[in-house]
Amino acid sequence: MTNLQEIRDLVRKSARHDWHKIEEGPTYRSRFGFSTGPGDHWRLEEDSHHTTLVYMPDVDLTIAYGMDFDTRRRDDPEFEWSKVFPDKSVHICFADIFWRGSLVDRVDYALVDGARGTLPIGGGHHGLEITRWQRDVAELLHNLKGAHFASFDDFFGRVPFQVVTEE
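Residues numbered from 1 in each chain as written. Predicted model: local features only at pLDDT ≥ 70, side-chain atom pairs only at ≥ 80, totals over all residues. Heavy atoms only, no water.

Chemist: Help me understand the pairing of strand S7 (residues 102-112) in this model?
Modeler: Consecutive side chains of a regular strand alternate in pointing toward one face of the sheet and then the other. The pairing of strand S6 (residues 90-99) with S7 spans ten bridges and is antiparallel. Note that in S7 the partner of His91 across the bridge is Leu111. Once S6 ends, the chain turns through two residues before running back antiparallel as S7, passing Arg100 with a positive phi of about 55 degrees. Sheet topology places S7 next to strand S8 (residues 117-120); four bridges connect them, and they run antiparallel. Within the sheet, the bridge partner assigned to Val112 lies in S8 and is Gly117. (Pairing = 2+ DSSP bridges. Helix = DSSP H or I, 4+ residues; strand = E, 2+ residues; numbered from the N terminus.)

Chemist: Help me understand the nonpolar core, please; the structure alone is not making it clear to me.
Modeler: Ranked by internal contacts, the top residues of the largest apolar core, which has 20 residues, are Trp19, Leu61 and Ile63. Per-element accounting of this core gives the leading share, five residues, to helix H2 (residues 132-144). The contacts of Trp19, once residues within four sequence positions are left out, are Ser14, Leu53, Val54, Tyr55, Met56, Leu61, Ile63, Leu140 and Leu144. Ranked by size, the runner-up nonpolar core spans 16 residues in total, among them Trp81, Ala110, Leu119 and Ile121. (Core = buried A, V, L, I, M, F, W, Y, C linked by side-chain atoms within 4.5 Å. Buried < 20%, exposed > 50% of the residue type's maximum accessible area, 1.4 Å probe, protein only. Contact = heavy atoms within 4.5 Å.)

Chemist: So what exactly am I meant to see when it comes to the packing of aromatic side chains here?
Modeler: One pair of aromatic rings is described through two measures. These are the centre distance and the angle between the planes. According to the stated counting rule, one finds seven aromatic pairs in the structure shown. Ring centres 6.3 Å apart and planes at 45 degrees place the aromatic pair Trp81 and Phe161 in the tilted group. Separated by 80 residues along the polypeptide, Trp81 in the loop between strand S5 (61-68) and S6 and Phe161 in the loop between helix H3 (152-156) and strand S10 (162-164) bring together distant segments of the chain. The pair Trp81 / Phe161 is uniform in exposure class, with both members buried. Residue Phe161 is classed as buried on the basis of its relative accessible area of 13%. Among the aromatic residues, those joined into a cluster by ring pairs are Phe79, Trp81, Phe152, Phe156 and Phe161. (Phe/Tyr/Trp six-rings, centres within 6.5 Å; stacked < 30°, edge-to-face > 60°.)

So far we have only geometry, and geometry alone does not tell us how the molecule works.
In structure tokens form, the structure reads like this:
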């Protein structure tokens, strides 16, 4: 039997080359909503993660990421801590961790500095209270993005995160 901690350990111990990235086309992990259009007619809206990662040593483990945290927000927030970057906006998304097709965990993360960096976003004042797990997932996503402007540690070290006890 596999438990949540074992799944998290697989993610933590993985390396960039352990993941097969699928970016083109649908991920089949959509969120549906509705809104009213002209004349107060209802319309269905769909949002999806833009990328799916498959853990090649054990394809039971997948991560889908890229879905916006809040679809109603039309502008990206700025935080006091984000002012250390040339582009001060923060785009908040979430990554869903699946085991055998079932959603088993979710981690919020932030795209910073014009999406050049990926950082964890947690609780507390301005999202700065994070767990080690949130940090590890953000680091993995940052490293899997491809071309980098700076390392994860370069981005992470510029923000005064407080790592709190695991949940």
